[in-house]
Amino acid sequence: MAGSKSLSTAALAKEDEFYTQLSDIEKELRYYRKHFRNKTILCNCDDPFESNFFKYFVLNFNRLGLKKLIATCYYSSPITGKQLHFVEDTNGQLSLVFNDDITEDESLKRPYKAIVTQVYDKTGDGGIDMLDIAELFKSGENQLTELNGDGDFRSPECIELLDEADIVVTNPPFSLFRQYLATLVEHEKQFLIIGSQNNVTYKEVFSLMMANKVWLGYKAGDMAFIVPDYYQPRETRYWEDERGQKWRSLGNICWYTNLDIKKRHEDLILVKKYSSEAYPKYDNYDAIEVPKVADIPCDYAGIMGVPITFMDKYSPEQFVILGRRGDLEWAQNECTFYTPPSAEMQKKYKAMNKTWRVQNTYVLDKNGVPQITYGRIFIRYTEQWIANHPKDFKKVQA
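Position numbers for residues count from 1 along each chain, tracking the sequence in the order it is written. Reporting of local features is limited, given that this is a predicted model, to residues whose pLDDT is at least 70; pairs of side-chain atoms are given and counted only at 80 or more, and all residues count toward the totals for whole chains, interfaces and linings. Hydrogens are left out, water is left out, and the side-chain values use all remaining heavy atoms of the structure.

Student: For this particular structure, what's the right way to read the overall build of the protein?
Tutor: Labels follow the DSSP assignment, with helices taken as runs of H or I lasting at least four residues and strands as runs of E lasting at least two, numbered in each case from the N terminus. A tally of regular secondary structure across the protein gives 12 helices and 18 strands. The 398 residues of the protein split such that 51% are buried. In this analysis, two residues are considered to be in contact whenever any of their non-hydrogen atoms come within 4.5 Å of each other. In the protein, once contacts between residues fewer than 6 apart in sequence are set aside, the share between residues at least 24 apart is 70%. Taken as a whole, the protein presents about 19200 Å² of accessible surface, with 48% of it coming from carbon and sulfur. The buried label applies to any residue whose accessible area, calculated with a 1.4 Å probe on protein chains only, is under 20% of its type's maximum; exposed applies above 50%, and partly exposed to all values in between. The accessible surface values rely on the Shrake-Rupley method and a 1.4 Å probe; as for residues, cover is taken only from the protein chains in view.

As structure tokens, then:
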């Protein structure tokens, strides 16, 4: 795609080809089954016969009541197929082969789309597996078609497929997460996608979450992924299994979605009580510092700065998200509780701590030295929550 980095180039440059385990997909998607019935699902970032997302949906096609499943791959996907592989022979004939018949000739690999509208026991062996899926493609009952371009999710032909879909479910390249999410939002799609929790700190992502247009799914934390052979060994969070397959794990993975789930409406149970000694105020924001989500006071009606991990517990019925620290433009132009120190004090604090920034949350210690916090999100309880819990909020806090 002109003017943008291709998926293959991004993957090689950023090392963000992480292939999701089927077990992790199953654990998360069990909470969304009602959303999939009679819907067209799109998986548009991996080879369908290498992606466990495709495998999950095609083998559960009937149980989920899907209308259609669409999957696309991009050129030169680096992971070798686990069960089936799509190749094009020298005569231009499309075919599907199993592991023993796979060639390593990269010139034969092509980007393509797979469209599934029916799944049944084609082989007549009494069950449904990936062999049945292959036979249904070979018979023409489902479609397997080469793409015109390279399979980039931003290409016109892939956008056309996106517009046809109801829900997108996949693991997009981590380095292109913001572009990928923006594309989904622009085309008003429902989605469930994997990404790093650090994406919460990006302005484009956070603004969507603050507006309740995107939220986190169920799983958040550690997740293991298959990675390509060209990935170099690492001292931590890396291993090879008995087959020589390389693995990496990441400790900050989560699911981003705009599909409504029960978890989003569950109250965060809190027991800590507010005191000015336990919860100091920031010097540059009229808000209190809360170092852990579990420490959010149950009786404080004012503004609080909490860790970004709060987003995994956020319920819009209980809390309002007001903004995030670190965004100077927002602090200066929109934040009504921003209280920056004088220019003279700013110079003094900078001399004390070279990492100090006026837009970042900090508290002053007993010696007047600024102690900078980690990333913080500003929240407060909703008015309805306060009204429904009068005993907790009977005191008016300054």
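Student: Hey, could you run me through a positive patch on the surface in this one?
Tutor: For patches, a residue must show more than 30% relative accessible area and have no salt bridge; joins then use 9 Å for like charges and 5 Å for nonpolar side chains, namely Val, Leu, Ile, Met, Phe, Trp and Tyr. Every case where a carboxyl oxygen of Asp or Glu lies within 4 Å of a side-chain nitrogen of Lys or Arg is listed as a salt bridge. Note on charges: Lys and Arg go in the positive column, Asp and Glu in the negative column, and His and the chain ends are not counted at all. Positions of charges follow a simple convention, taking NZ of Lys, CZ of Arg, CG of Asp or CD of Glu. Where like charges cluster on the molecular surface, the positive patch consists of Lys27, Arg30, Arg33, Arg63 and Lys219. Of note, lysine 27 is situated in helix 2 (residues 22-29).

Student: Mind showing me how you'd approach the nonpolar core here?
Tutor: Side chains that are nonpolar tend, in soluble globular proteins, to be buried together. Residues belong to one nonpolar core when they are buried, are Ala, Val, Leu, Ile, Met, Phe, Trp, Tyr or Cys, and are joined through side-chain atoms within 4.5 Å. Within the largest apolar cluster, 48 residues are counted, with the highest numbers of intra-cluster contacts made by Tyr256, Ile296, Met304, Phe310, Phe319 and Tyr381. Counting residues in hydrophobic clusters, the runner-up holds 42 residues, among them Phe53, Phe57, Ile194 and Tyr231.

Student: What should I look at first to understand the packing of aromatic side chains in this one?
Tutor: Remark: the centre distance and the inter-plane angle together describe each pair of aromatic rings, the angle taken between the planes. Aromatic rings from Phe, Tyr and Trp, with only the six-membered ring used for Trp, were paired whenever their centres fell within 6.5 Å, and each pair was classed as stacked if the ring planes differed by under 30 degrees, edge-to-face if by over 60, and tilted otherwise. What the rule picks out here adds up to 30 aromatic pairs. Their ring planes at 10° and their centres at 3.7 Å tell us that tyrosine 31 and tyrosine 218 sit as a pair that is stacked. With a gap of 187 residues between them, tyrosine 31 in the loop between helix 2 and helix 3 (33-36) and tyrosine 218 in strand 10 (residues 215-226) connect regions that are remote in the sequence. The partly exposed category is assigned to tyrosine 31, whose relative accessible area is 35%. Counting every residue linked through ring pairs, the aromatic cluster contains Tyr282, Tyr285, Trp330, Phe337, Tyr338 and Phe378. We count a charge as sitting over a ring when the NZ of a lysine or the CZ of an arginine lies within 6 Å of the ring centre and within 35 degrees of the ring normal. In this structure, lysine 263 packs its charged tip against the face of tyrosine 218, placed 6.0 Å from the ring centre. Between the NZ or CZ atom of arginine 264 and the centre of the ring of tryptophan 215, over which it lies, the distance is 3.7 Å.

Student: Teacher, can you tell me more about the pairing of strand 10 here?
Tutor: Pairing geometry for strand 1 (residues 19-20) and strand 10, over two bridges, is antiparallel. Bridge pairing links threonine 20 to phenylalanine 225 in strand 10. At least two bridges found by DSSP between two strands is the condition for calling them paired. In this structure, strand 10 lies alongside strand 12 (residues 246-257), joined through eight bridges in antiparallel fashion. What sits directly across from leucine 216, in strand 12, is tyrosine 256.

Student: Help me out: how do you make sense of helix 7 (residues 156-164) in this one?
Tutor: Two residues of an α-helix separated by three or four positions point the same way, owing to the 3.6 residues in each turn. Buried residues of helix 7: Glu157, Cys158, Ile159, Leu161 and Leu162, and no others. Buried-residue contacts for helix 7 involve strand 2 (40-43), strand 3 (68-72), strand 6 (112-116), strand 8 (167-170) and helix 8 (177-186).

Student: Sorry if this is basic, but what is going on with the sheet that holds strand 15 (residues 319-324) here?
Tutor: Working definition: the strands of a sheet are paired by backbone hydrogen bonds and lie parallel or antiparallel to each other. With respect to topology, four strands assemble into an open sheet ordered 13-14-18-15, the strand pairing being mixed. Because the sheet does not close on itself, it has two edges, and the strands there are strand 13 (288-289) and strand 15. When strand 15 meets strand 18 (residues 376-381), the two strands line up antiparallel, connected through five bridges. Pairing of isoleucine 321 across the sheet is with isoleucine 379, part of strand 18. Sitting on the sheet, helix 9 (residues 203-210) touches strand 15 and strand 18, and the angle it makes with strand 15 is about 160°. Lines fitted to C-alpha atoms define the axes here, with helix axes fitted over just the stretch in contact, and angles between the N-to-C directions of these axes take values from 0 to 180 degrees.

Student: Explain the pattern of salt bridges here, please?
Tutor: Opposite charge on two side chains allows them to pair when their charged atoms are near. Summed over all chains, the structure comprises 16 salt bridges. Between glutamate 135 and lysine 138 there is a salt bridge, with the nearest N and O atoms lying 3.9 Å from each other. Highlighted residues: glutamate 135 and lysine 138, both in helix 6 (residues 130-138), separated by three residues, approximately one helical turn. Looking at lysine 138, the relative accessible area reads 52%, which means it is exposed. In this structure, arginine 264 and aspartate 260 form a salt bridge, with 3.8 Å as the shortest nitrogen-oxygen distance. On the basis of relative accessible area, aspartate 260 is assigned to the partly exposed category, the value being 36%.

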